Amino acid sequence: MIQQTLSIIKPDAVQRDVCGEILKRIEAGGLKIKALKMLELSKKQAQGFYAVHQDKPFFDSLTDFMSSGPIVVSVLEGEDAVRVYRDIMGATNPAEASPGTIRKEFGLDIEKNSVHGSDSSENASTEIAYFFHALEMVDR
Ligand code: ADP
Ligand code: MG
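Residues numbered from 1 in each chain as written. Chains lettered and ligands numbered in written order. Predicted model: local features only at pLDDT ≥ 70, side-chain atom pairs only at ≥ 80, totals over all residues. Heavy atoms only, no water.

A. Representation of the overall build of the protein within the structure. Helix and strand content of the protein: 7 helices and 4 strands. Listed by position from the N terminus, the elements making up the protein come as β-α-α-β-α-α-β-α-α-β-α. Here the C-alpha radius of gyration of the protein, 14 Å, is about what a compact globule of 140 residues would show, namely 14 Å. If you line up the protein on its principal axes, its C-alpha atoms span 40 × 35 × 25 Å. When the 140 residues of the protein are sorted by exposure, 48% land in the buried category. (Helix = DSSP H or I, 4+ residues; strand = E, 2+ residues; numbered from the N terminus. Rg over C-alpha atoms; globule rule 2.2 N^0.38 Å. Buried < 20%, exposed > 50% of the residue type's maximum accessible area, 1.4 Å probe, protein only.)

Here it is, written out as structure tokens:
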């Protein structure tokens, strides 16, 4: 099934100038970029995005990190895009991610793991709407 998913290149990766390398892997993986922009989240906006994790012990540190610098958000589309992008990203903990995945190659630790990808089609819709207006997405 053709799906959309939300990608975020996190502050640790933007700061190290590896956005191009990460987008290259996304495109090489067969995912089409439908929308793309760079922005910086406030602490409150990061808390809103990660609200499902508000009771986790890492929530405060995670939202500090996600609001610590620019991020690059994009909407990706393709067959099984949610699973395909999670496969390209690799496991949450870079130490456990498979060779060749983004998190294995660029992730610094379990928090600063370079990328976010939606975990279901339903959550992708909510996450895409958090960042993008319909007019910011192209037909291609
Ligand atoms: P994923 O991003 O793989 O879907 P989760 O949804 O479980 O992982 O967690 C969201 C984000 O929170 C992770 O990408 C990572 O940045 C951070 N995180 C997850 N687990 C931990 C942890 N144990 N310690 C610190 N940060 C964490
Ligand atoms: Mg998740």
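B. Region of interest: the layout of surface pockets. Of the voids in this model, the largest pocket is the one considered here, and its volume is about 600 Å³. Taken together, 23 residues form the lining of the largest pocket, with Y50, V52, H53, L62 and H116 sitting closest to its centre. Of all elements in the fold, only α3 (43-49), β4 (115-117) and α7 (121-131) reach the threshold of two or more residues within the lining of the largest pocket. In terms of residue count, α7 provides more of the lining of the largest pocket than any other element does, 4 residues in total. Each residue belonging to the lining of the largest pocket can be placed in one class, and the counts come to 8 nonpolar, 9 polar and 6 charged. (1 Å grid on protein atoms, 1.4 Å probe; cavity = no way out; pocket = protein on both sides within 12 Å on 5 of 7 lines; lining within 4 Å. Points joined across faces, edges and corners; volume = space filled by probe spheres on them. Nonpolar A, V, L, I, M, F, W, Y, C, P; charged D, E, K, R; others polar.)

C. Structural view of the sheet that holds β4. Across the sheet, 4 strands lie side by side as β2-β3-β1-β4; this open sheet has antiparallel pairing. The open sheet has two edge strands, β2 (32-39) and β4, and neither has a second partner. With strand direction ignored, the average angle separating the axes of adjacent strands in the sheet is 20 degrees. Those strands touched by helix α5 (residues 81-89) are β1 (2-9), β3 (71-79) and β4, and its axis lies near 35 degrees from that of β1. (Pairing = 2+ DSSP bridges. Axes fitted to C-alpha atoms, helices over the stretch in contact; angles between N-to-C directions. Contact = heavy atoms within 4.5 Å.)

D. Structural detail: the nonpolar core. If you look at the biggest cluster of nonpolar residues, it comprises 20 residues, and the most contacted ones within it are I9, I22, I26, L31, Y85 and I102. Within the residue set of this core, elements represented by two or more residues are α1 (11-15), α2 (19-28), β3, α5 and α6 (102-106). With 17 residues, the next largest nonpolar core counts I8, L41, M66 and I128 among its residues. (Core = buried A, V, L, I, M, F, W, Y, C linked by side-chain atoms within 4.5 Å.)

E. Just the pattern of salt bridges, in detail. Scanning all chains against the criterion turns up 10 salt bridges. Close ionic contact of K34 with E77 constitutes a salt bridge, the shortest N to O distance being 3.8 Å. A residue pair is termed long-range when its members are at least 10 positions apart, and K34 in strand β2 and E77 in strand β3 qualify at 43 residues. The pair K34 / E77 is uniform in exposure class, with both members buried. For D64, the salt bridge is made with K43, and the minimal N-O distance between the two is 2.9 Å. (Salt bridge = Lys/Arg side-chain N within 4 Å of Asp/Glu carboxyl O.)

F. Layout of the site of ligand 1. Every residue near ligand 1 is listed here: K10, Y50, H53, F58, L62, R86, T92, R103, I110, E111 and N113. Taking H53, its side chain carries an N or O atom lying 3.0 Å from an oxygen atom of ligand 1. Interatomic distance of 3.1 Å between a side-chain N/O atom of R86 and an oxygen atom of ligand 1. In the complex, the protein chains occlude 78% of the 530 Å² of accessible area that ligand 1 would expose alone. When the residues that make up the shell around ligand 1 are grouped by side-chain class, the tally is 4 nonpolar, 3 polar and 4 charged. (Near = heavy atom within 4 Å. Polar contact = N/O pair within 3.5 Å; in protein donor to acceptor, adjacent residues only side chain to side chain. Areas by Shrake-Rupley, 256 points an atom, 1.4 Å probe, with all protein chains shown as cover.)

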